[in-house]
Amino acid sequence: MINIKDDDENPKLEIDIVAQYKKQLFIIDCKNIIISTDFLTKNRKQNIERVLREEEQKQKKRIEYIKNNFKKFGYSQKIDSFHNIIITLNKEPIERFKGIQVISVKEIPKLKSF
């Protein structure tokens, strides 16, 4: 399990946690809060989806970066699946968005096998 920040090639890229378990790779982004009180409006669902769309794009870039740098970080190239997870401090109203699982810190013990 490592934290990746690529200051040389891509200074805006940071991956909070990358963990390999057998042939699975977990790319985890930790957020203090995704949905702030600004989103408690009649357009809440649209605002939540906008934030998650931005996260989806970032996660895609993170996965590509890891795929292109397996050896650099000591990961096996025999990865069968990638799992995108966002861990938040508080429970959010969305649990999954386009392949990204959204869980709170309190829900980590409830994670089941993938």
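Everything in this summary refers to the structure shown in the same document. (Residues numbered from 1 in each chain as written. Predicted model: local features only at pLDDT ≥ 70, side-chain atom pairs only at ≥ 80, totals over all residues. Heavy atoms only, no water.)

**With respect to the nonpolar core**
At step 1: Listed in full, the 11 residues of the largest apolar core are Leu13, Ile15, Val18, Leu25, Ile27, Ile63, Tyr65, Ile66, Phe70, Tyr75 and Ile79.
At step 2: In terms of residue count, helix α1 (residues 44-68) provides more of this core than any other element does, three residues in total.
At step 3: Counting residues in hydrophobic clusters, the runner-up holds seven residues, among them Ile48, Ile94, Ile100 and Val102. (Core = buried A, V, L, I, M, F, W, Y, C linked by side-chain atoms within 4.5 Å. Buried < 20%, exposed > 50% of the residue type's maximum accessible area, 1.4 Å probe, protein only. Helix = DSSP H or I, 4+ residues; strand = E, 2+ residues; numbered from the N terminus.)

**With respect to the pattern of salt bridges**
At step 1: Throughout the structure, instances matching the rule amount to five salt bridges.
At step 2: For Glu55, the salt bridge goes to Arg62, with nearest N and O atoms at 3.8 Å.
At step 3: Taking the relative accessible area as the measure of exposure, Glu55 reaches 4% and is therefore buried.
At step 4: For Arg62, a relative accessible area of 8% gives the class buried.
At step 5: Glu56 serves as the salt-bridge partner of Lys60, at 3.8 Å between the closest nitrogen and oxygen. Taken together, the residues Lys60 and Glu56, both in helix α1 and four residues apart, mark about one turn of the helix.
At step 6: You can call Glu56 buried: its relative accessible area is 11%. (Salt bridge = Lys/Arg side-chain N within 4 Å of Asp/Glu carboxyl O.)

**A few points about a nonpolar patch on the surface**
At step 1: Taken together, the side chains of Leu89, Val105, Ile108 and Leu111 define a hydrophobic patch exposed on the protein surface, amounting to about 310 Å² of accessible area.
At step 2: Examined against the element boundaries, Leu111 turns out to sit in the segment after β6 (100-104). (Patch = residues over 30% accessible without salt bridge, like charges linked within 9 Å, V, L, I, M, F, W, Y side chains within 5 Å. Areas by Shrake-Rupley, 256 points an atom, 1.4 Å probe, with all protein chains shown as cover.)

**Some remarks on the pairing of strand β3 (residues 24-31)**
At step 1: Of all eight residues that make up β3, six are buried, and the element is covered over most of its length.
At step 2: Pairing of strand β2 (residues 14-21) with β3, which is carried by five bridges, proceeds in the antiparallel orientation. Residue pairing in the sheet places Ile17 in a bridge with Ile28 of β3.
At step 3: Hairpin connection between β2 and β3: a loop of two residues separates the two successive antiparallel strands, and Lys22 in this loop has a positive phi of roughly 55 degrees.
At step 4: In terms of strand pairing, β3 meets strand β4 (residues 81-88) through eight bridges, oriented parallel. In the sheet register, Leu25 faces β4, and the bridge partner there is Phe82. (Pairing = 2+ DSSP bridges.)

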